[in-house]
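What follows is the residue order along each chain.
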Amino acid sequence: MLSVLLFTFLLALAAPALVAWVGRRAFWVLALGPASAAAYALAMTPRVTAGDFPTTEVPWVPGLHLSITLQLDTLAWFMLLVVGGVGALVLLYCSAYFARDALGLGRFAAVLTAFAAAMVGLVVADDLLLLFVFWELTTVFSYLLIGHYADRKASRRAAMQAIVVTTAGGLAMLVGLIILGVVGDTWRVSELVANPPSGTAVTWAAVCLLAGAATKSALIPFHFWLPAAMAAPTPVSAYLHAAAMVKAGVYLVARFAPAFADLPVWRWLVLVLGGGTLLLGGYQALRQHDLKLVLAFGTVSQLGLIVLLLGLGSKALALAGLAMLGAHAMFKAALFLVVGAVDVATGTRDLRKLSGLWRTMPFTAVAGVLATASMIGFPPFAGYVAKEAALEGLWHDVIHGAGAVEWIALLAVVVGSALTVAYGLRFAWGAFGTKRRPGATAAAALGDTPTTRDAAAEPAPATPVRRQPWLLVTPPLVLAVLGLAVGLVPSTGERLLAPYADRYPGGEPGHLVLWGGFTPVLAITVLVLLAGFVLFWQRARVEKAQDFLWSPRSAEVTYRRTMRRLDDLAADVTAATQRGSLPVYLGIILVVLAVAPGAVLASGLVSGHPQVELVLWDRPADAAVVAVVVVSCVLAARARRRLKAVLLVGVAGYANATLFMLHGAPDLALTQVLTETITLVVMVLVLRRMPPYFTDRPLAASRWLRLALAVVTGAVMMAFTVAAPLVRVSEPISTHFPDEAYTWGGGKNIVNVTLVDIRAWDTVGEISVLLVAATGVASLIFLRQRSGEVLRLSRVDEVSRSDPHTRRVWLAAGSTLEPERRSVLFEVVTRVIFHAMIVFALFLLFSGHNAPGGGFAAGLVVGIAFAVRYLAGGRYELGEAAPVNPGVLLGTGLFLSAGVGLATLVAGQEVLQSTIVDLHFPVLGEVHLVTSLFFDIGVMLVVVGLVLDLLRTLGAEIDRQDPRPAREEVSA
């Protein structure tokens, strides 16, 4: 199972390249993904029917007892056949449906294939959280597929509507899954269903599950998103809205119904959701003129029927529901594909404009009629077998003293089935029937002469069609014929599906048969067919009556009004809170910190905790350094000049570094000093384009208020520092770091080994944040398109020969600055110390595993060296010092650090596990090499790239935007 899943996802990754290479024929290759899933299910049929369910388990988070667990039981086997088989046919259909030069075809192919993979993972997942992951993947991929035509407003609106509704239901479902996992003390779906927990929490969890199913399967009151999703390409409708995505909600009900169907709230919710959707969808389908909308509302109705059958908790109804699920996937996917073929051939889906297609598109018409016959429950098709089983199961429950739920369900199924017959005939007639001329109805109504009426009643000419590729006809014809073939062997279907139905707690076992004799159920079936035919025959009167009756659009209107009000509320809240003042934002955060957790902490310390003896300082030097920090912070809060505040904050930072040094943490002290230095440089660069003062007003009262807030916040943080050790109940894991660092990390510097080995994943996340931060700063600064061009001197030799005063220069680009902005002393000192700083950085890099240093510190030293070059010589000097695109360094560093983890996987070790290699060289002697050194090199490259990007954006780019003329005597 896992290999099939990975294979399909890999095909999705390769889809854009395949489409670019072979065009539409790439869909033939992509069809192998879902086809392999269906083939795997067929190959596992003997094991599944024997009860020996194939299971795959890969540890995920062992500490939390979580794993990637896949299981192929009867329900998953059947769903895998549906998802894989229909998916393969739809992908083949796509190769003929889209034009050769269709825009975004590679992206569409990738997303559709990835959706098929997500559905495969969803139906075989046996872990609650893994189930949710695949559930949300289908939501995201469906959003992209529905909004494929991004230039159309209807597509964008439909995609947004679908993802909002289904995501809301998915979050509710997640709550239910977590409750079940915690209360049931297991995250395995199969174990929960086999031994379901009980209690009030479990009842609410079941309600949450039904909420997720209702949004995904378009049950009332969330049914409105599915018809709107018809803005998607027809293959999307055929797959997502007939066989896959909307079936996810049905699958969820089918998966958990054996465990929770005996809950009264479950049964009544299933009745209301399923029965109401069945009737509402059928009613709406009778008034549609777009063939896709007829099928869309018909799909809503059929989904309600399937949920009703699978959710009521009876063995017979469960068997009928699963049979209906398969029949629906075949006939509804076939019908959507038929609509796509009609649309491609005629250019319209309006059933009022189509006429005589049964003559001009005979094979498509055959597929459409066969699929329609299965949909309306006409013998001997699969839809008829499933519907007969449903009526038989409900009738059996009713005559054997069932309650109100079964009576209401039977009535809903009978009425809904009659509506299905009516809109099914409406579809077949609208797509392929021969219509009268447009004036026929009006002539009859006006009482024209017989000659005029006869002329108006003549058949309209057949709608002209374009030639159809065979791949537009074959997939729907295969599905339609398959629906007939499956209906002819109902005993085989019963044998394969009965093991699932037998897991339900109540009811008698059901049967799938073609002929059950002359029974009341047969009479009900005949009544349903006759009633549906009458509704179709009187379709004009039915449509006219519907125009005067209630139109069930309130759900969609409510949704749109709610979203509009939510947007208005968000705008009002944003206007009230996002006022563009950084001090206000920071003040709100600090006030909340001091009031909420600070008050709780104070009450806890006063009431319950033992007395703690506080040591104010270990040596007098500590008090002196703290005094420097306090004074600098107070002065910074009172400062009105920006540069003064920045320098005072820097003083506090350097004083903190002194505290680290006094307490025996040279690594932290070194990093703090280097970070403060870079921060000061960056802040000074920023201040060049900002006013020199914070405000033109004195704001004395505000100044004291800010000082008071700072004091309170500091006191709260000090209290947190005191309280944190009091809540520890276990031995800290850091006590094992010294031994682990030396034994497994191969180094004596615990801080550095922790960064590159013990907690390397944290470091990967942190350097990723640095990369994102660099990108964000650049996006704010660059007014034009950002390019990879590095500003460099192009004619240094020519300038040197032409100007005798520049033959001896300390910095090559110094002449590009205005004379008043140059400092000869600064240029000389820069030239002297630059290379020494680079060598020192390399020393820190290679010695950091056993002594203070490491890749982060080395990167900061190199960054400071480049900053000095820029400050001394300007933006062209920066290009001469580092003639490389910062993005290359950022990407290479991140790739190198993460790549070390992948390399260890290839070597059969844990991710980011270090390997120690001891080498002997004749000259160098013994060399102790640890593979985490390459990780550290990656960290250094990321830091250097970040500093260069900041210098390039906040320095060079702001220089370029400076309106003052620059004296650039050489070109770049």
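Bear in mind that the values here come from a model prediction, so they are computed numbers and not experimental data.

Rules used throughout
Residues numbered from 1 in each chain as written. Predicted model: local features only at pLDDT ≥ 70, side-chain atom pairs only at ≥ 80, totals over all residues. Heavy atoms only, no water. Helix = DSSP H or I, 4+ residues; strand = E, 2+ residues; numbered from the N terminus. Buried < 20%, exposed > 50% of the residue type's maximum accessible area, 1.4 Å probe, protein only. pLDDT = per-residue confidence, 0-100. Contact = heavy atoms within 4.5 Å. Core = buried A, V, L, I, M, F, W, Y, C linked by side-chain atoms within 4.5 Å. Expected span 1.5 Å × (residues − 1). Bend = angle between axes of the 7 residues up to and from the residue. Phe/Tyr/Trp six-rings, centres within 6.5 Å; stacked < 30°, edge-to-face > 60°. Lys NZ or Arg CZ within 6 Å of the ring centre and 35° of its normal. Salt bridge = Lys/Arg side-chain N within 4 Å of Asp/Glu carboxyl O.

With that settled, the discussion passes to the overall build of the protein chain. Across its full length, the protein chain holds 41 helices and 4 strands. Considering the protein chain as a whole, with its 972 residues, one finds that 50% of them fall into the buried category.

Across the protein chain, the average pLDDT comes to 83, with 89% of residues at 70 or higher. Between residues 439-453, whose pLDDT stays under 50, and residues either more than four places distant or in other chains, the model counts 10 contacts. Segment residues 795-803: pLDDT under 50, and 6 contacts once partners within four positions in sequence are set aside and those in other chains are kept.

The next subject is the nonpolar core. By size, the foremost hydrophobic cluster in this structure holds 203 residues, and its most contacted members are L72, W225, Y239, F256, F260 and W266. Ranked by residue count, the leading element in this core is helix 16 (residues 315-346), at 22 residues. In terms of nonpolar packing, the next biggest core, distinct from the first, is built from 46 residues, V681, L685, A881 and V943 among them.

The next point concerns helix 1 (residues 2-22). Spanning 21 residues, helix 1 covers 28 Å between terminal C-alpha atoms, matching the ideal 30 Å at 1.5 Å per step. A14 marks where helix 1 bends most, by close to 50 degrees; the proline P16 follows one to four residues later. By the burial criterion, the buried members of helix 1 are V4, L5, T8, L11, A12, A15, L18 and V19. Considering only its buried residues, helix 1 is in contact with helix 2 (26-30), helix 3 (32-43), helix 6 (105-124) and helix 7 (128-146). G23, located one to two residues past helix 1, shows a positive phi value of around 75 degrees.

Our focus in this paragraph is unusual backbone geometry. Residue P221 is reached from I220 by a cis peptide bond, and omega for that bond is 5 degrees. Considering the arrangement of structural elements, one finds P221 in the loop between helix 10 (200-216) and helix 11 (225-228). Of the consecutive residues P379 and P380, the connecting peptide bond is found in the cis state with omega at 5 degrees. In this fold, P380 is placed in the loop between helix 18 (362-375) and helix 19 (382-399). Even without being glycine, D185 reaches a positive phi, approximately 60 degrees. Note that D185 resides in the loop between helix 8 (153-184) and helix 9 (189-194). Using a relative accessible area of 69% as the deciding quantity, one classes D185 as exposed.

Let us now look at the packing of aromatic side chains. This model, assessed by the stated rule, comprises 14 aromatic pairs. Note on F27 and F98: the rings are 6.4 Å apart at their centroids and 10 degrees apart in plane angle, and the pair reads as stacked. You can see F27 sitting in helix 2 and its partner F98 sitting in the loop between helix 5 (74-97) and helix 6, a full 71 residues away along the chain. F98 shares its class with F27; the two are buried. Over the aromatic face of Y693 sits the side chain of R641, whose NZ or CZ is 5.4 Å from the ring centroid.

Our focus in this paragraph is the pattern of salt bridges. Throughout the structure, instances matching the rule amount to 12 salt bridges. As a salt-bridge pair, E57 and R188 come within 4.0 Å of each other at their nearest N and O atoms. Of this pair, E57 sits in strand 1 (residues 55-61) while R188 is found in the loop between helix 8 and helix 9, placing the two residues 131 residues apart along the sequence. A salt bridge links E406 to R267, with the shortest nitrogen-to-oxygen separation between them at 2.6 Å. Of this pair, E406 sits in helix 20 (residues 404-432) while R267 sits in helix 14 (residues 264-285); the two residues are 139 residues apart in sequence, bridging distant segments of the chain.

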